[in-house]
Amino acid sequence: MISLGVGKMGDQQILQVEGLEKSYRIKKDWIRAVRSVSLDLSAGEVLAFLGPNGAGKTTSIKMMAGLVRPDGGKVRILGGDPHREAPVLRHVGAVLEGNRNLYWRLTPEENLEYFGVLRGLSRRVARSRGRELLDRFELSHKRNAVVQQLSRGMQQKVAIAVALVHDPKLILLDEPTLGLDVEATMVVKRLVREIAAEGRGIILTTHQLDVAEELSDRVAIINQGSIVRMARTQDLIAAFSGGLYEVVMEDLPEAIAEKVVALGALVEGNTIRVPETDLLYGVLDIVRPGVILSVSRQQANLTDIFLELVQGDR
Amino acid sequence: MLEQFLAELKRAWIQFRRYPGEAIGGIFIITSVFYGLFLSAKYIAGPGLNFGDRLDAVIVGYGLWTLVTFVLFDIAGNLQSEAQTGTLEQLFLSPWRASRVFLLRAIANLFVQMLLLSCIVTLIMTLTGRFLSFPITLILPLFAVLLGAYGLSFAMGALSLLLKRVQQIIAIVQFTLLFLLTAPTEEWTGVGRIVGFLLPMSGGAGVLRDLMARGGDLDWGRLGLALLNGVVYFSLGLGLFGWAERYAKRWGKLSGY
C-alpha cells in the first residue's frame, strides 16, 4: 500500500480512499482490476491519476463516486460513505470519460436546472446557480441553444458547469480534455485551476501527460491495478531529473573533448553531457576559453517518468 | 419530491414540444392502425351492422393498451437510451434512489402521454362517430392497472440495466400484454379464476371492461383484489429493480451499451 501524501491546503480532507479492491470475472478467470489503492485528497488540491489503458483508473474513480461497489477497502467523502449514505453524493460532481454527461436535446440552461434539482437543489436555486455558471464559463450567449448544436469544447464546458451546479467539494474529471482542440483544452485547464482554487478537491485522469504536469499538485501512477508511485508532481520530476547537465559549445576541438571524456563526461558532436553537478565546474575549466552556447539542466517530464515507471513495471 | 417531479415534467414537456414530429408520428400511426382495423371489421360485417356499446369497449381497450404499452416500456426504454447517450451514470450520482428518479420520470412522461392519448381517443371517436363517457370511477381500476404496469416496467428496467439491449424481450412482452388486457379473466371459473387474479393487470382490466362495456356498477370486492394485485406487482418490480441496481454496481455494468 502506498503512503499518503500531504494535501495542498492540508486543512480539510475531502476524500480518503483506503485499500480499494475490485475483481471482475471474465469467462472463468478472475481479473484483479484494482489492488490496494489508497489515496487522499485535500481541499484545493489537484491529483492526476495516470495509467495506461485498462490500468484501473476509471474503475477506481467510479468506486470513489459510488458507481461501482468495491470488493474491499473504503471510500470516505467528507467522512461519509458514498456506498451506504446516498446524501454524501451531494458532495460529488463528475464528468465521466467518453460520456456526453448531458441531455443533447436540452439547452445548457435547461441541463443545469435539471441536474441541479437531481442533485438536491430547489428549481429556483438551480436556475440561479446555472445562470452564474453560464456567465462565468462565458456561455451565456449559448444558453438557449440545444447542446447538440454546440462545439465539443463548449459541450465539455457545460458538462463541467453541470458537475459544479450543486457546489460539490469533490470533482472527478475522467479525461476532461479528450478530443478537445488546443484552444478548448486551454480553457478547460484554466477552469480546472479556478475550480481547485475555490477549495474543491479534484481528481483527474488523463492520457495527456503535459496537461497532468501543468495542472496537478500530485500524481498517482497506476499500473495493472496498483499505484506504483504517488508523489508531488514537482518532487517526482525533480527526482527523475537527476543531475544531468548539457553544455553546448560553438566548437569542440578533439583534444579538449578527450580531456572532458577522461573527466567522466560524455561528448556528442559539440555537446557535452555532464552526469553530476560536481563534475560541471571541472568541465567548464577544461573548455575555457571556448565559446559556450548554452548550459542547461536536463529536466525530466511526466511523460518520461510515466513511461519509465509503467514499462519498468512490466 | 415535488420539485424533482416538476423538473422531470419540464424536461419531458420540453423534449415533447421541441421535437413534435415524433409525437405527431405516434398519434398518426396509433390512430390509423385502429381506423384500419375498424374499416376492415365494418367491411366484413356488411352495411347493416351496428357495433353499439361493443365498439366503445374496443376503443377503451385500445386506448388502455396504448397507455399500458407506453408505461411498460418507459423505464426500460429510458434506461437503454440513457446508457446509449451516456447520461445514465449521472442519474446514479444523485443523492436520491434511482428507483425514485425513474418513477417520478415515468409519471411525468405519463402526463405528456395522456395528452397524446387524448388526441388519439378524440380522433378515433370522431372517425367512428362513437363518443365515450368517462365516469369518474374509472380512475380506480385504471390506477390498479397502472400500478401493475409500473411494476412490470421496473422489472423490464431491471433487465435493461443488466442487459442494456432488450428489444427482443420487449416484442414478446408486448404480445403477452395484449393477452393480459383483453382476456376476459373475470369470466373464467375454477382454477382459471384464481389464475386470473394472479396475472398482472388482468383483474383491473376486467373491472374496467365491466364499467365501460357492460354498463355494470363498480364491484368493490374485485377492485380491492385488483388493487392488491397492482401493489404486489409494483413492489416486486421495485424489488427487482433495486436488486439489478446492486448487481450492476457490483459488476460495473452501469455504463456501456
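The rules we used
Residues numbered from 1 in each chain as written. Chains lettered and ligands numbered in written order. Predicted model: local features only at pLDDT ≥ 70, side-chain atom pairs only at ≥ 80, totals over all residues. Pairing = 2+ DSSP bridges. Helix = DSSP H or I, 4+ residues; strand = E, 2+ residues; numbered from the N terminus. Axes fitted to C-alpha atoms, helices over the stretch in contact; angles between N-to-C directions. Contact = placed C-beta atoms within 7 Å. Parallel < 35°, antiparallel > 145°, perpendicular 65-115°, else oblique. Left-handed = near helix turned anticlockwise from the far one by under 90°. Nonpolar A, V, L, I, M, F, W, Y, C, P; charged D, E, K, R; others polar. Core = buried A, V, L, I, M, F, W, Y, C linked by C-beta atoms within 7 Å. Buried ≥ 20, exposed ≤ 12 C-beta atoms within 10 Å, placed from the backbone. Expected span 1.5 Å × (residues − 1). pLDDT = per-residue confidence, 0-100.

1. Looking at the sheet that holds strand S4 (residues 72–77) of chain A
Residues and elements named next belong to chain A.
Move 1: Read from one edge of the open sheet, three strands run S2-S1-S4, paired in antiparallel fashion. What marks the edges here is a single partner per strand, and that holds for strand S2 (29–42) and S4. If you compare each strand with its neighbour and ignore which way they point, the axes differ by 20° on average.
Move 2: Pairing of strand S1 (residues 13–26) with S4 involves five bridges; the strand directions are antiparallel. The residue bridging leucine 15 from the neighbouring strand is isoleucine 77, located in S4.
Move 3: Seen against the sheet, helix H1 (residues 57–64) touches S1, S2 and S4 and runs at an angle of roughly 125° to S1.

2. Considering the packing of helix H6 (residues 139–163) of chain B against helix H9 (residues 202–212) of chain B
All names here are of chain B.
Move 1: Relative to each other, H6 and H9 sit at 155°, their axes nearing to 8 Å. Classed by the angle they form, the pair H6 and H9 counts as roughly antiparallel. You can see that H6 and H9 cross each other, and the crossing is left-handed. In this structure, H6 uses Pro141, Leu142, Ala144, Val145 and Gly148 to contact H9, whose residues at the interface are Gly204, Ala205, Val207, Leu208 and Leu211.
Move 2: Residue composition of the contact of H6 with H9, grouped by class: eight nonpolar, two polar and no charged.

3. Describing the nonpolar core
Move 1: Leu172 of chain A together with Met156 of chain B are the most contacted members of the largest nonpolar core, which has 135 residues in total.
Move 2: With 15 residues, helix H3 (residues 53–85) of chain B is the single largest residue contributor to this core.
Move 3: Discounting residues that sit within four places of it in the chain, methionine 156 of chain B has contacts with Leu72, Phe73, Ile75, Ala76, Val166 and Val173 of chain B.
Move 4: In terms of nonpolar packing, the next biggest core, distinct from the first, is built from eight residues, Tyr245, Val260, Ala265 and Ile272 of chain A among them.

4. Side note on the interface of chain A and chain B
Move 1: Across the contact, 32 residues belong to chain A and 25 residues belong to chain B.
Move 2: For the side of chain A that touches chain B, the secondary structure elements donating two or more residues are H1, strand S5 (92–95) and helix H2 (108–118) of chain A.
Move 3: Considering every element that reaches the side of chain A that touches chain B, the biggest residue donor is H2 of chain A, with six residues.
Move 4: Here the side of chain A that touches chain B is composed, by residue class, of 18 nonpolar, five polar and nine charged.

5. So, the pairing of S1 of chain A
All names here are of chain A.
Move 1: Alignment of S1 against S2, held across ten bridges, turns out to be antiparallel. In the strand pairing of S2, leucine 20 is matched with valine 37.
Move 2: Counting the residues in the hairpin turn of S1 and S2 gives two residues, including lysine 27, whose phi is positive at 55°.

6. Section: the pairing of strand S6 (residues 170–174) of chain A
All names here are of chain A.
Move 1: When you tally the buried positions in S6, you get five out of five residues, the bulk of the element.
Move 2: Both faces of S6 are covered, namely the face carrying Leu170, Leu172 and Asp174 and the face carrying Ile171 and Leu173.
Move 3: Strand direction decides the pairing type here: S5 and S6, joined by four bridges, are parallel. Residue alanine 94 lies in a different strand from S6, and its bridge partner there is leucine 172.
Move 4: Bridge count for S6 against strand S7 (residues 201–205) is five bridges, and the pairing is parallel. If you follow leucine 172 over to S7, its bridge partner there is isoleucine 203.

7. Notes on helix H4 (residues 152–164) of chain A
Residue and element names in this part refer to chain A.
Move 1: When the terminal C-alpha atoms of H4 are compared, their 19 Å separation across 13 residues agrees well with the 18 Å that a helix rising 1.5 Å per residue should span.
Move 2: Burial analysis of H4 places ten of its 13 residues in the buried class, the great majority of the element.
Move 3: What H4 keeps buried is the set Gln155, Gln156, Lys157, Val158, Ala159, Ile160, Ala161, Val162, Ala163 and Leu164.
Move 4: Where H4 is buried, its residues contact S5, H2, helix H3 (123–136), S6 and helix H5 (182–197).

8. Here's the deal with the environment of glycine 130 of chain A
Move 1: Residue placement: glycine 130 of chain A occurs in helix H3.
Move 2: For glycine 130 of chain A and leucine 164 of chain A, which are 34 residues apart along the polypeptide, the C-alpha to C-alpha distance reads 9.2 Å.

9. Here we look at the confidence of the model for chain B
Residues and elements named next belong to chain B.
Move 1: With 94% of its residues at a pLDDT of 70 or more, chain B shows a mean pLDDT of 82.
Move 2: For chain B, per-element mean pLDDT is lowest for helix H7 (residues 167–182), which scores 77, and highest for helix H10 (residues 220–250), which scores 91.
Move 3: With a pTM of 0.81, the predicted complex shows an ipTM of 0.83.

10. Some words on the packing of helix H2 (residues 20–45) of chain B against helix H5 (residues 98–128) of chain B
Residue and element names in this part refer to chain B.
Move 1: Where H2 meets H5, the closest approach of the two axes is 10 Å, and the angle between their N-to-C directions is 35°. Relative to H5, the crossing made by H2 is right-handed. Across the interface between the two elements, Ala23, Gly26, Ile27, Ile30, Thr31, Phe34, Tyr35 and Phe38 of H2 pack against Leu116, Cys119, Ile120, Leu123, Ile124, Leu127 and Thr128 of H5.
Move 2: Grouping the constituent residues of the contact of H2 with H5 by class yields twelve nonpolar, three polar and no charged.

11. Side note on the sheet that holds strand S3 (residues 46–50) of chain A
Strand pairing in a sheet relies on backbone hydrogen bonds. The paired strands run either parallel or antiparallel.
Residue and element names in this part refer to chain A.
Move 1: Read from one edge of the open sheet, six strands run S5-S6-S7-S3-S8-S9, paired in mixed fashion. Edge positions in the sheet fall to S5 and strand S9 (226–232), since each of these pairs with one other strand and no more. Looking at each pair of strands side by side, their axes are set apart by 15° on average, direction ignored.
Move 2: When strand S8 (residues 218–223) meets S9, the two strands line up antiparallel, connected through six bridges. Following the sheet pairing, asparagine 223 is matched in S9 by serine 226.

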